[in-house]
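Structure at a glance
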Amino acid sequence: MADIDFSQIPHTPMYICQEALLEKNLQLLDRVQKESGAKVILALKGFAMWSTFDLVGQYLHGCTASGLHEAKLAREIMNKEVHTYSPAFKEDEIEEIACISDDIVFNSPGQFHRYYDRVKAINPSISVSLRVNPEYSSSPVDLYNPCGIYSRLGTTIANFDKSIVSKLDGLNFHALCEQNVDALEGVLEAFESKFGSYIDGLKYVNFGGGHHITRTDYDVDRLINVIRDFKARHNNITVYLEPGEAVGWQTGPLVTSVLDIIHNGMDIAILDTSAEAHMPDTLAMPYRAMIRGSGEAGEKAHTYRLGGNTCLAGDIMGDYSFDAPLCIGDKLIFEDQIHYTFVKNTTFNGVKLPTLAVWTKNNQLKIVHEFGYEDYKNRLS
Ligand SMILES: *Cc1c(COP(=O)(O)O)cnc(C)c1O
């Protein structure tokens, strides 16, 4: 698999999704589908580069959306299964959502009662599900723990309303974040001990996302067995997985350039990208993004603090060291910046949004979208 030819990049900053790496992820997810019988759909929240959806749709069954706009994109571009969940649907959007979704997932019995008849009237063949909260999670970070204390996401067993079971086609849970199959086993045990008696008679159970299936240490064979065993226990019920991150995981970099180098107690390089606007999880999670050829501070000969081009004091990627001194104009390659990056980008401070590009299987750079002043202006008035 050929790497990106960085000499071909006409400008920075640029996200470059590598088609061959994306396809490798999709093929692994397809192996899970084929060997376990589960259906995998893409969670648009984590990866929504729709110029790749032709490829994604060759392997996955469709998309999971968190509201009207994601559902519209799923219907318009991939046009396979569209599953739409929202923590709370709105009166003025529910009918359009019902029209374009194959499957609607309510967050609470209250939302179910409010909308069920209207949704069925508009789309009689729509499947209806309820998201439940198994109240078990080993999610590493509170910000990303859907089963944390006082969580609003999903219905707990205490709030479950048995009167709706006969109208449900499915149950959904989503409790994981970047986790391996052992975490799923824990969640499934909690889910089945609480909601197990409601499963038979349903068409499907959706195991949510957060399965880090495409990470090298993920135990794919064990996942396949867990799904097969679950299906065997429940009359061969359909199982869905809806990963986002695992689809875009390690499929390409964000390439940026050094704009200036200054000194204030230490060497500081200012880049033409922003941690705050373009790599928000490095600050929110937080985590340290890898830079190709770099080390920890002090590990290599030349250490720099890398900062973004917004005026936010904390817009800092971290301290990194390099074998050679950095020069103005050098390109730096932030690895693995395709999931949960451009889907969260902002035009904060008017900083230009990075270009979206694909490195094709034929080793060509295909620029799919360049952004400009209008994108900033149109979000304001
Ligand atoms: C975020 C989310 C996903 C995808 O999670 P990943 O961690 O990206 O795999 C799936 N389902 C729901 C309901 C979500 O909120």
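These numbers were taken from a predicted model, which means no experiment stands behind them. (Residues numbered from 1 in each chain as written. Predicted model: local features only at pLDDT ≥ 70, side-chain atom pairs only at ≥ 80, totals over all residues. Heavy atoms only, no water.)

What follows covers the nonpolar core. With 96 residues, the main nonpolar core has Phe 47, Leu 171, Phe 191, Phe 207, Leu 306 and Phe 334 as its most contacted residues. The residue makeup of this core includes at least three contributed by each of domain 1 (6-15 + 251-377) and domain 2 (19-248). With ten residues, the next largest nonpolar core counts Ile 4, Ile 9, Ile 16 and Ile 333 among its residues. (Core = buried A, V, L, I, M, F, W, Y, C linked by side-chain atoms within 4.5 Å. Buried < 20%, exposed > 50% of the residue type's maximum accessible area, 1.4 Å probe, protein only. Domains from an automatic or database assignment.)

For the structure shown, the criterion picks out 19 salt bridges. One salt bridge in this structure joins Asp 3 and Arg 292, with 2.7 Å as the shortest N-O distance. Of the two residues, Asp 3 is situated in the segment before strand S1 (14-18) and Arg 292 in the loop between helix H10 (280-284) and strand S13 (295-296); the sequence distance between them amounts to 289 residues. Sharing partners across several salt bridges, the network here consists of Asp 3, Arg 292 and Glu 335. (Salt bridge = Lys/Arg side-chain N within 4 Å of Asp/Glu carboxyl O. Helix = DSSP H or I, 4+ residues; strand = E, 2+ residues; numbered from the N terminus.)

A separate point is a nonpolar patch on the surface. Residues Leu 283, Leu 312 and Phe 348 make up a contiguous nonpolar surface patch of about 220 Å² in total accessible area. Mapped onto the elements, Phe 348 comes out in the loop between strand S16 (331-334) and strand S17 (355-359). (Patch = residues over 30% accessible without salt bridge, like charges linked within 9 Å, V, L, I, M, F, W, Y side chains within 5 Å. Areas by Shrake-Rupley, 256 points an atom, 1.4 Å probe, with all protein chains shown as cover.)

Bringing the side chain of Thr 347 into the picture now. Along the chain, Thr 347 falls in the loop between S16 and S17. Since its relative accessible area comes to 11%, Thr 347 is described here as buried. For Thr 347, the contacting residues outside a window of four places in its chain are Leu 353, Asp 375, Tyr 376 and Arg 379. (Contact = heavy atoms within 4.5 Å.)

This part is about the sheet that holds strand S8 (residues 170-172). Strand order in the open sheet made by the nine strands is S2-S10-S9-S8-S7-S6-S5-S4-S3, with parallel pairing throughout. Each end of this open sheet is capped by a strand with a single partner; those strands are strand S2 (39-40) and strand S3 (42-43). As defined by bridge partners, strand S5 (residues 81-85) adjoins strand S6 (residues 103-106) across three bridges and the pair is classed as parallel. When the sheet's bridge partners are listed, His 83 is paired in S6 with Asp 103. Strands S6 and strand S7 (127-131) of the sheet are contacted by helix H5 (residues 109-122), whose axis makes an angle of about 155 degrees with S6. Lying over the sheet, helix H7 (residues 220-233) contacts strand S9 (204-206) and strand S10 (238-241), oriented at roughly 145 degrees with respect to S10. (Pairing = 2+ DSSP bridges. Axes fitted to C-alpha atoms, helices over the stretch in contact; angles between N-to-C directions.)

Let's shift gears to the domain arrangement of the protein chain. Domain assignment breaks the protein chain into domain 1 (6-15 + 251-377) and domain 2 (19-248). Distance between the C-alpha centres of domain 1 and domain 2: 32 Å. Contacts between the two partners involve 19 residues from domain 1 and, on the opposite side, 23 residues from domain 2. Summed over both sides, the interface between domain 1 and domain 2 buries roughly 1,700 Å², with carbon and sulfur atoms accounting for 63% of that surface. Broken down residue by residue, the surface that domain 1 buries against domain 2 is led by Thr 251, Met 285 and Tyr 340, which jointly contribute 38%. Counting the contacts that link domain 1 with domain 2 gives one salt bridge. Notably, a salt bridge pairs Glu 23 with Lys 361, separated by 2.8 Å at the nearest N-O pair. Among the elements of the structure, H10, S17 and strand S18 (365-369) are those that each provide at least two residues to the side of domain 1 that touches domain 2. With four residues, the single largest contributor to the side of domain 1 that touches domain 2 is S17. Tallied by class, residues from the side of domain 1 that touches domain 2 come to eleven nonpolar, three polar and five charged. (Buried area = accessible area lost by both parts, 1.4 Å probe. Nonpolar A, V, L, I, M, F, W, Y, C, P; charged D, E, K, R; others polar.)

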